[in-house]
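The residues making up each chain are set out below.
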Amino acid sequence: MAKRVVVGLSGGVDSSVAAHLLVEQGYEVIGLFMINWHDGSVTIQGECPWIDDSNDALLVANKLNIPFQSVDLSEQYKERIVDYMFSEYEAGRTPNPDVLCNREVKFDVFMDIALSLGADYVAMGHYCRKDSFIDENGKEVFRLLAGVDGNKDQSYFLSQLSQEQLSKALFPIGELTKPQVRDIAAEQDLITANKKDSQGLCFIGKVKLPDFLKQQLLPKKGNIVEVSKEHQIYADREAELLKASTEEEKLEILTSPYQYKPTYGKKVGDHQGAHYYTIGQRKGLGVGGTPLPLFVIATDTKTNTIYTGQGDQHPGLNRQGLKVNSDEIHWVRTDLAMKVGETREYMARIRYRQPLEKVTLYMKSDGLYCVFENKQSGISAGQFITWYTDDELIGSGVIAG
Ligand SMILES: Nc1ncnc2c1ncn2[C@@H]1O[C@H](COP(=O)(O)OP(=O)(O)OP(=O)(O)O)[C@@H](O)[C@H]1O
């Protein structure tokens, strides 16, 4: 009997083609659209075109001659994603809702519904691949691989999936490039063939992130401070590094964020709330007239201060390393999890679509210390670091700072 697959149909071109390929491969396919957001239930009224999207998903399902259903997951989405976003921003961190959405919604709540519909697998239109091998104990080990289209690879967003979740996942378009996907959609006369790619989170829609955050995080006026690149704090760190005699000391210095004080620079402007800003951010500061543009190099939600520096080469913006706390380390390949005391080299990225960079991971009792070969710009607490061997995503972690 054909295996049953529930495919997440978003009303976009990628999932439409994913569904088509599954039908071609002989699966029994069911299309499922999830409503993540409801007028009034989450935030901004009338900004999310989900009705159009669910209509497009329905039309694609009709065209492919597969059954179609919608599920309302807006409550779960609010609890697991929206609330997390607010609490992270409130704490001065930069969350990644897309990574969480896959772990908590698409491959959890959504997957449970799919399984209750008798599905063997859940498929999504992500640009990534999966394969597996049998280990020496006869156990199947699943591997998460980058999509063939290097421009579109979405493995970063799936970096928190478990072996269990991967075992039931299918990514039918992972072997294709985006232009190939569009060509297939056109050949098959799917209504989504020329639809624009979705931008960001549905429930935010066209609204700017600060406006979205203002719904719950009240504006609070504070200072924008500029720290000179010659500040003593940077020279002190270099000196500390030279003095450090043990590996532990060196790692601690290389991976800890700078601790700024409001007196470390001059006030150059006002802002409406440090929790609206992210490290590396250049736009939205409203301060002009500096020879080089100002970048956010740190935010402090306690003193409500934003620290900035001039130019993308500012020492406060570029750091050699970062730390992941023990309870926030995730191994997709659980069989490759590092033991305390172990050191390993990988290729890694700290944001979606960033080219992979050489990193050395040091597993210590209190967490994973990650030191890059080249300094990294805009390391932000709350974002994810993901590490790879060739095109296989091995693990990920939440950046502590
Ligand atoms: N509202 C939804 N209902 C069901 N599945 C969804 C929904 N939103 C996203 N997905 C699934 O997650 C995948 C990745 O979502 P993402 O938002 O990154 O869309 P995308 O890459 O633009 O894909 P698409 O072109 O299919 O919208 C989609 O291809 C689809 O399988």
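Residues numbered from 1 in each chain as written. Predicted model: local features only at pLDDT ≥ 70, side-chain atom pairs only at ≥ 80, totals over all residues. Heavy atoms only, no water.

**Some remarks on the site of the ligand**
Inference 1: Near the ligand you find 16 residues, and of these Gly8, Ser10, Asp14, Ser15 and Gly125 are the closest.
Inference 2: Within the backbone of Val13, an N or O atom sits 3.2 Å from an oxygen atom of the ligand.
Inference 3: Separating an oxygen atom of the ligand from a backbone N or O atom of Ser15 is a distance of 2.7 Å.
Inference 4: Counting only elements with at least two residues in the shell around the ligand, the list comes to α1 (13–24) and β2 (28–35).
Inference 5: Across the shell around the ligand, the residue classes tally to 6 nonpolar, 8 polar and 2 charged. (Near = heavy atom within 4 Å. Polar contact = N/O pair within 3.5 Å; in protein donor to acceptor, adjacent residues only side chain to side chain. Helix = DSSP H or I, 4+ residues; strand = E, 2+ residues; numbered from the N terminus. Nonpolar A, V, L, I, M, F, W, Y, C, P; charged D, E, K, R; others polar.)

**Here we look at the sheet that holds strand β9 (residues 266–271)**
Note on sheets: strands pair through backbone hydrogen bonds, and any given pair is parallel or antiparallel.
Inference 1: Spatially, the 4 strands line up as an open sheet ordered β9-β8-β11-β10, and their pairing is mixed. Each edge of the open sheet carries a strand with a single partner, namely β9 and β10 (294–300). Going from strand to strand, the sheet's axes swing by 30 degrees on average, the running direction of each strand aside.
Inference 2: In the sheet, strand β8 (residues 222–226) pairs with β9 via 5 bridges, with the strands oriented antiparallel. From the neighbouring strand, Asn223 faces β9, where its bridge partner is Asp270. (Pairing = 2+ DSSP bridges. Axes fitted to C-alpha atoms, helices over the stretch in contact; angles between N-to-C directions.)

**Things to note about the UniProt feature "domain: tRNA-specific 2-thiouridylase MnmA-like C-terminal" (unreviewed entry) in the protein**
Inference 1: In this structure's numbering, the residues bearing the UniProt feature "domain: tRNA-specific 2-thiouridylase MnmA-like C-terminal" (unreviewed entry) are residues 327–399.
Inference 2: Between the C-alpha atoms that bound residues 327–399 there is a distance of 11 Å. The span itself is 0% helix and 58% strand. (UniProt positions renumbered as here; feature names shortened; annotations may be inferred.)

**Brief notes about the pairing of strand β11 (residues 305–310)**
Inference 1: Counting buried positions along β11 yields 5 of 6 residues, so the element is predominantly enclosed.
Inference 2: Pairing of β8 with β11, which is carried by 4 bridges, proceeds in the parallel orientation. Following the sheet pairing, Val225 is matched in β11 by Tyr307.
Inference 3: Here β10 runs beside β11; their pairing, made up of 6 bridges, is antiparallel. Looking at the pairing, Asp300 lines up with Thr305 of β11.
Inference 4: If you look at the hairpin formed by β10 and β11, you'll find 4 residues sitting between the two strands, and Asn304 has a positive phi there, around 55 degrees. (Buried < 20%, exposed > 50% of the residue type's maximum accessible area, 1.4 Å probe, protein only.)

**Brief notes about the UniProt feature "binding site: ATP" (unreviewed entry) in the protein**
Inference 1: In this numbering, the UniProt entry assigns the feature "binding site: ATP" (unreviewed entry) to Gly8, Leu9, Ser10, Gly11, Gly12, Val13, Asp14, Ser15, Met34 and Gly125.
Inference 2: With respect to the element layout, Leu9 can be found in the loop between β1 (4–8) and α1.
Inference 3: Classification of Leu9 as buried rests on a relative accessible area of 2%.
Inference 4: In this structure Leu9 touches Ser15, Ser16, Ala19, Gly31, Leu32, Phe33, Ala57, Val60, Ala61 and Phe68, once residues within four positions along its chain are discounted.
Inference 5: Structurally, the position occupied by Ser10 is in the loop between β1 and α1.
Inference 6: Since its relative accessible area comes to 41%, Ser10 is described here as partly exposed.
Inference 7: With residues near it in sequence (within four places) discarded, Ser10 still touches Ser15, Phe33, Asp53 and Ala57.
Inference 8: Within the structure, the side chain of Ser10 is placed 3.1 Å from the backbone nitrogen of Gly12, a separation counted as a polar contact. (Contact = heavy atoms within 4.5 Å.)

**Comments concerning the nonpolar core**
Inference 1: Ranked by internal contacts, the top residues of the largest apolar core, which has 51 residues, are Phe107, Phe110, Leu144 and Phe171.
Inference 2: The greatest single-element share of this core, amounting to 9 residues, is contributed by helix α4 (residues 97–116).
Inference 3: The contact partners of Phe107, leaving out residues within four places of it in the chain, are Asn102, Val122, Met124, His126, Leu158, Leu161, Gln165, Ala169 and Phe171.
Inference 4: If you look at the next biggest cluster of nonpolar residues, it comprises 29 residues, including Ala123, Leu170, Leu176 and Val181. (Core = buried A, V, L, I, M, F, W, Y, C linked by side-chain atoms within 4.5 Å.)

**Considering the environment of Asn194**
Inference 1: Of note, Asn194 is situated in the loop between α6 (178–187) and α7 (209–213).
Inference 2: Expressed as a C-alpha distance, the spacing of Asn194 and Ile224, which sit 30 residues apart in the sequence, is 44 Å.

**Details of α6**
Inference 1: Along α6, the positions that sit buried rather than exposed are Lys178, Val181, Ile184 and Ala185. End-on, the buried residues of α6 take up no more than an arc of 120 degrees, which puts them together on one face. Exposed residues pointing more than 90 degrees away from the buried face of α6 are listed as Pro179 and Glu187.
Inference 2: Just downstream of α6 lies Asp189, where phi reads positive at about 60 degrees. (Arc of directions from axis to C-beta.)

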